Amino acid sequence: MKDNETGKRTKNGRNTSGSRAEARRATEDAILKAAETVFAEAGFGGATMQLIADMAGLPKANLHYYFETKEALYRRVVERIFNIWLEAADVFDAAAGPAEGIGAYIDAKMEISRRHPNGSKVWASEVMHGAPVIQDYLETTLSDWTEGRATIIRRWIAEGKMADVDPRHLLYMLWATTQHYADFSHQIETLNGGKPLSDAQWEAAKTSVKQIVLRGIGVIET
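Everything numeric here is computed off the predicted structure, so don't read it as measured data.

About the thresholds
Residues numbered from 1 in each chain as written. Predicted model: local features only at pLDDT ≥ 70, side-chain atom pairs only at ≥ 80, totals over all residues. Heavy atoms only, no water. Domains from an automatic or database assignment. Contact = heavy atoms within 4.5 Å. Buried area = accessible area lost by both parts, 1.4 Å probe. Salt bridge = Lys/Arg side-chain N within 4 Å of Asp/Glu carboxyl O. Polar contact = N/O pair within 3.5 Å; in protein donor to acceptor, adjacent residues only side chain to side chain. UniProt positions renumbered as here; feature names shortened; annotations may be inferred. Helix = DSSP H or I, 4+ residues; strand = E, 2+ residues; numbered from the N terminus. Core = buried A, V, L, I, M, F, W, Y, C linked by side-chain atoms within 4.5 Å. Buried < 20%, exposed > 50% of the residue type's maximum accessible area, 1.4 Å probe, protein only. Axes fitted to C-alpha atoms, helices over the stretch in contact; angles between N-to-C directions. Parallel < 35°, antiparallel > 145°, perpendicular 65-115°, else oblique. Left-handed = near helix turned anticlockwise from the far one by under 90°. Nonpolar A, V, L, I, M, F, W, Y, C, P; charged D, E, K, R; others polar.

**Observations regarding the domain arrangement of the protein chain**
Part 1: Domain boundaries in the protein chain define domain 1 (20–67) and domain 2 (79–216).
Part 2: Each side of the interface is counted separately: domain 1 has seven residues, and domain 2 has six residues.
Part 3: Summed over both partners, the interface of domain 1 with domain 2 buries about 570 Å², with 54% contributed by carbon and sulfur atoms.
Part 4: The interface formed by domain 1 and domain 2 contains two salt bridges.
Part 5: One salt bridge connects R80 with D29, and the closest N-O pair in it is separated by 2.5 Å.
Part 6: Linking domain 1 with domain 2 are three residue pairs in polar contact (both at pLDDT 80 or more).

**Overview of the UniProt feature "domain: HTH tetR-type" (unreviewed entry) in the protein chain**
Part 1: In the numbering used here, UniProt assigns the feature "domain: HTH tetR-type" (unreviewed entry) to residues 25–85.
Part 2: With 87% helix and 0% strand, the stretch residues 25–85 has end C-alpha atoms that lie 21 Å from each other.

**Here we look at the nonpolar core**
Part 1: Counting 58 residues, the largest nonpolar core has F39, L73 and I102 as the members making the most contacts within it.
Part 2: Considering every element that reaches this core, the biggest residue donor is helix 4 (residues 70–88), with ten residues.
Part 3: If you count residues domain by domain, this core takes at least three from each of domain 1 (20–67) and domain 2 (79–216).
Part 4: In this structure L73 touches I31, L32, A35, F39, M49, I52, L63 and F67, once residues within four positions along its chain are discounted.

**Let's talk about the packing of helix 7 (residues 117–128) against helix 9 (residues 167–183)**
Part 1: As a packed pair, helix 7 and helix 9 sit with axes 8 Å apart at the nearest point and diverge in direction by 110°. Viewed along their axes, helix 7 and helix 9 adopt a mutual orientation that is roughly perpendicular. For the element pair helix 7 and helix 9, the recorded crossing hand is left-handed. Counted together, P117, S120, K121 and A124 of helix 7 and Q179, A182 and D183 of helix 9 form the full contact between these two elements.
Part 2: The class makeup of the residues in the contact of helix 7 with helix 9 is three nonpolar, two polar and two charged.

And the structure:
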């Protein structure tokens with residue numbers, strides 16, 4: 001049966017192209033989540049497509065249908081967390097000042113560490129090994145993004161909205177602090193009595209980090 005408006009084949013009167021696309025997205029998402037876990041735990045060298053397929057609950061052949069090689073899948077995992085981080089940084093562009101911009105950025109980055117810890121661990125491992133796969137991203141996209149945010153921070157400094165600090169070192173500190181909650185989650189859980197942080201503890205952590213940073217750059221009076 002065909003839909004009169006779209007001409008696309010339907011089943012039981014429904015257009016099936018949308019459901020197929022949704023199923024494909026769901027499968028790809030399951031693969032990426034499984035790959036994040038395997039790459040985070042085993043590293044690129046120790047990970048295999050069979051391990052990832054097993055983690056995703058898929059036949060290995062299905063995995064290769066979506067990603068032909070382990071290298072392609074690994075790059076997609078790294079690109080995914082990178083793009084999530086970039087989207088979180090959009091708050092800088094529209095913020096009236098550092099209290100809103102940096103405060104919201106800390107909230108977003110820590111929430112990403114909570115929801116995507118394995119992606120952050122894969123990124124950290126990649127960079128610590130000299131970024132053999134994503135060096136081009138560091139030299140282009142990350143470099144451009146960093147300079148763009150540094151320009152905004154310099155404007156806030158010139159407007160007297162925050163202390164005169166080096167924008168790059170401020171960004172490095174923000175990355176290190178917020179990503180620590182993902183990259184060193186085991187250490188944090190151990191120090192938390194062997195348990196993951198609760199919702200209340202996550203909110204308290206966000207508040208503490210924001211207070212420490214914003215006081216340090218002169219946005220909140222001590």
